[in-house]
Amino acid sequence: MAHIFCRTAKCQSFILILFISFFFSKNSYAQNGDRLKKEITINLIADSLISTLHKIELKAQVSFAFDPDQLRAKRSAELHVVRMPLGALLDRILFGSNLGYTLIGNDLVIALKKPVIWTIHGHILDKSSGEDLMGATIQVPLLKAGVTSNQYGFYSISLPEGDYDVQVSAVGYQTRQGHIHLNKDLQEEIDLAVTEHLLQEVVVNASASTPNPILFNDQNISQKQIYNTAYYAGEIDVLKKLQMENGIKAITEGSSGLFIRGGNADQNLILLDEAIVYNPSHLYGLVSIFNPDATNNIQVYRDYMPANFGGRLSSVIVNRMAEGNSKEYHLSGGMSLMSARLAVEGPLVKNRASFIVTYRRSLLDVFHSKFKLFNPSSVYYDFNAKVNYKLDKDNSLFYSVYVGKDNLLSADNYSNNWGNLTSTLRWNHIFNSKLFSNISVIFSNYSNLLDLNADTLSQKSQWKTAVKDLTLKADYTYYRSPANQIKFGISSILHQFRPGEMYNQEAYEFNIAKNRSLESTLYYSQELSLGKSFELNYGLRVSMFLNAQEKRNVFDEQGNLLEQEDIKVFVNPEPRINFNYLPRPDERFFITYNLNYQYLQLIQNSTLAFSSLEPWIPASRSIRPQRSNHFSLGYRYSPENFLFSANAYYKKLDHQLDLIGHAQVIRNPDVVNQLRSGTSNAYGVETEISKTAGGFSGTLAYTYSKVYRKISDINYGERFVANYDIPHEVKLTVKYNVNTKLSFQSFFTYSTGRPLTLPVGYYQHDGLNVPIFEARNTSRFPDFSRLDISSQYQFLSKVSANRTFLSTLSVGIYNLYDRKNALYYHLNSSSFEIQASTFQYAFGFYPWIAYSFRI
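What counts, and where the lines are drawn
- Residues numbered from 1 in each chain as written.
- Predicted model: local features only at pLDDT ≥ 70, side-chain atom pairs only at ≥ 80, totals over all residues.
- Heavy atoms only, no water.
- Helix = DSSP H or I, 4+ residues; strand = E, 2+ residues; numbered from the N terminus.
- Buried < 20%, exposed > 50% of the residue type's maximum accessible area, 1.4 Å probe, protein only.
- Contact = heavy atoms within 4.5 Å.
- Pairing = 2+ DSSP bridges.
- Axes fitted to C-alpha atoms, helices over the stretch in contact; angles between N-to-C directions.
- Parallel < 35°, antiparallel > 145°, perpendicular 65-115°, else oblique.
- Core = buried A, V, L, I, M, F, W, Y, C linked by side-chain atoms within 4.5 Å.
- pLDDT = per-residue confidence, 0-100.
- Phe/Tyr/Trp six-rings, centres within 6.5 Å; stacked < 30°, edge-to-face > 60°.

(A) Molecular detail of the side chain of serine 491. Within the element layout of this structure, serine 491 appears in strand E33 (residues 484–502). By relative accessible area, which is 16% here, serine 491 ends up buried. Leave out the neighbours within four places in its chain, and serine 491 touches Leu472, Lys473, Glu519, Ser520 and Thr521.

(B) Expanded view of the sheet that holds strand E6 (residues 99–104). Taking strand neighbours across the sheet as the criterion, the three strands line up as E3-E7-E6 in an open arrangement whose pairing is mixed. Edge positions in the open sheet fall to strand E3 (63–66) and E6, since each of these has one partner strand only. Averaged over all pairs of adjacent strands, the angle between their axes in this sheet comes to 30 degrees, without regard to strand direction. Examined bridge by bridge, E6 and strand E7 (residues 107–112) share six bridges and lie antiparallel to one another. Looking at the pairing, leucine 99 lines up with leucine 112 of E7. Each of E3, E6 and E7 is contacted by helix H4 (residues 86–94), which is oriented at about 150 degrees to E6, the strand it contacts most.

(C) How the structure looks around the packing of helix H2 (residues 49–60) against H4. Where H2 meets H4, the axes come as close as 12 Å, and the angle between the chain directions of the two elements is 175 degrees. When the axes of H2 and H4 are compared, the pair comes out roughly antiparallel. In this structure, H2 contributes Leu49, Thr52, Leu53, Ile56 and Ala60 to the contact, and H4 contributes Leu86, Leu89, Leu90, Ile93 and Leu94.

(D) Region of the structure containing the environment of serine 288. Examined against the element boundaries, serine 288 turns out to sit in strand E22 (residues 287–288). Classification of serine 288 as buried rests on a relative accessible area of 0%. The spatial distance from the C-alpha of serine 288 to the C-alpha of glycine 257 is 9.6 Å, given a sequence separation of 31 residues.

(E) Quick look at the nonpolar core. Formed by 43 residues in total, the largest nonpolar core has its most connected members in Leu283, Phe309 and Met338. Looking at this core, the elements that each hand over two or more residues are strand E19 (268–272), strand E24 (315–321), E33, strand E37 (587–598), strand E38 (600–602), strand E53 (822–828) and strand E55 (846–854). Core analysis: the second largest hydrophobic core is formed by 23 residues, Ala60, Val62, Val81 and Leu99 among them.

(F) Representation of the confidence of the model for the chain in the model. Looking at the chain, pLDDT values average 87 and 89% of them are 70 or higher. Note on residues 14–30: pLDDT is under 50 here. Beyond four places in sequence and across chains, it has two contacts.

(G) How the structure looks around the packing of aromatic side chains. With the rule as written, the count across this model stands at 23 aromatic pairs. Aromatic side chains phenylalanine 154 and tyrosine 479 sit 5.5 Å apart centroid to centroid with 55 degrees between the ring planes, which places their arrangement in the tilted category. On the criterion of sequence distance, the pair formed by phenylalanine 154 in strand E11 (residues 154–160) and tyrosine 479 in strand E32 (residues 461–481) is long-range, its members being 325 residues apart. Here phenylalanine 154 and tyrosine 479 have matching classes, each one buried. Taking 4.9 Å as the distance between ring centres and 40 degrees as the angle between the ring planes, the aromatic pair formed by tyrosine 593 and phenylalanine 631 counts as tilted. Separated by 38 residues along the polypeptide, tyrosine 593 in strand E37 and phenylalanine 631 in strand E40 (residues 626–637) bring together distant segments of the chain.

(H) Up close: the sheet that holds E19. One open sheet holds the five strands; their spatial order is E16-E23-E24-E19-E20, and the pairing between them is mixed. Strands at the two margins of the open sheet, each flanked by one partner only, are strand E16 (219–222) and strand E20 (275–276).

(I) Spotlight on the pairing of strand E43 (residues 696–711). With 14 bridges connecting them, strand E42 (residues 675–691) and E43 associate as antiparallel partners. Bridge assignment links glycine 684 to a residue of E43, and that residue is serine 705. In this antiparallel pair of consecutive strands, E42 and E43, the connection spans four residues, and glycine 694 shows a positive phi of 100 degrees. Sheet analysis places E43 next to strand E45 (residues 728–737), joined by nine bridges and oriented antiparallel.

(J) Molecular detail of unusual backbone geometry. Positive phi is not limited to glycine here, since asparagine 715 has a value of about 55 degrees. Mapped onto the elements of the fold, asparagine 715 is located in the loop between E43 and strand E44 (720–721).

See the structure below:
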């Protein structure tokens, strides 16, 4: 091996130099390491980072090397240190700047480093009650980044390592500001205090510290906003509040039906704590089943429908029940000429578990109120209860239940009884700072029992229709960054349909075939911020519907009735996309597309806008699922204290069902074969301007829309306007707060009369005059209009040092100028006299008084 060594003097000199360099560089590295431990005392003012490094250079007698272009925009804060090691001082100064330092020879090189990302997550809560706040915003002004809490109050925001000022805000709450030193993942529960005033203003203007309403794809209505809206006889009602909103139509007075963007009433997905509600009405629609005392907030989706929702074509309406106060006990309630209600809430374990229980009952039988549709002895009631328990910082359990019943009587003691029962068990789990899950088990049961006409009470029979659901679903949200949020999940619903059957009788020949169905869904969606001015929301929902329909009148060779089912499976992709352009923070343009399938449909042959008989049937071998292609574009502008919006939409609906003329639903086992399928086209423009803050506030809205249907074997196959085609609609809402206790409100609405079909002649059959009708929906009811006014006065008194008694006295007049709006139309028939068509009217001028309290 000796031949590898140098033998020349030149080579030996090189080896000696290399050895000496290595020896001194090793000593130099040790000296630099010691230099980073050198303790320094220095006073630094807020200055540019370059200037600060020069001062440290002189003080510590070290040499910094850096690219000035990388440091030119950086600044350092004021700092005073005593005997701090140089390395610790540099860590302190460079923290959050995305810069690091490295020892290279005798120099400390300052250069960009890979960002270190940390995540803050937790819940945003109401400070007084401990309830989760949905739609609250956490913002970091320095980075112009922010996120919104989800429907369970959870938030997660990932940021580069550094020091930040943070703002947390929600509509109706005081903005909270703070400072964080972010050098690790943090879990923070943040509570917000309610804005201090009695009469709550609806403040939705977009300032730097409050959530900007123009950015949301849904419409949010809080419990306070619901309380500020009184309907007939002073009744506070959730669905009537929605009917006062732009673009949501009620085709007649006293109906809870919602007709949104060319869709029928059954094409809205209505959820109560995630449970499907199949009939949201009391008293044929005069009142909804949603008790305002048990309501936390309402979300309405009309444009972009997120991929986690589906199964309906027109809209999603989410009613989230209140959770109860986890800090102190409260008793509240109220009374109007329509109903009385009572609610109690409080902690089971302070700050960890709470409950709320509410009860409401009608007072029609007490005040003997007279209505054209039912006997004053008719009653309804509903009951809500909810409990929740925080197992630990990452796990929470929720359980809620709703029970509601109607018992309506006619003048001759025939009854119509119906009701809803829903039950929801939820588990919220936080896997880590970025991944959140909600797993739910849900039960829903709707049933309707109707007395049938008979010559004597002993011959009276009953007809029953029902839908029963059992749902298991899992939803996940992954907060990748403030600009990138991913949602995915799976759900399955087991449906049982009884479209109609004779109740407790053996007259099976009249029953409509029963169905068992499985509706399963996978979905994925993503929300992306594309730079400062563009946002993209997109999603894909894949739905599978398996239906097993009872086969009727199938016998074996011996004549025994066989139990067989007809199986049909549908699988459909449902994409949706929403693209936003924000030229300024207070201005937004958007375009949206949704493809939706609906596997359930409601069959009715009544021209009334209100009916309790709600037979639901599923898609099957003979009925294809409904489909909707929905295009919309819109504009939102929100300058200070104002909000302007304009929307245009077009919707093409396929496989729309209608019954042929004179078809009956009750005691008709062949009703499914009397349904006909066709198409529907809807388009419209919705405009609105609102003043959203100050003592005087209000909204003026106008909608123009058209809805056409074309269905085989109906109207000779020619196109006709739908029953809910109302071209023109104007709504004006005004509120004036005199002071913190007294306010005045008014609501005016005008709309085109809804379509109807009138007789154009008659012929005689067995001595009776039988009408001959014009083409479908050729005529219209008279135009509808109404003006309501009301006033509220609030009383506040001290009960004890820590408890107050708040009560509200409300008075008003429904239909101030006594407009005679047609309720429905019917024919008076006689075998001896020519028939005369008549309109029936309800709800004229009606003064009312109501009272509510909370202690």
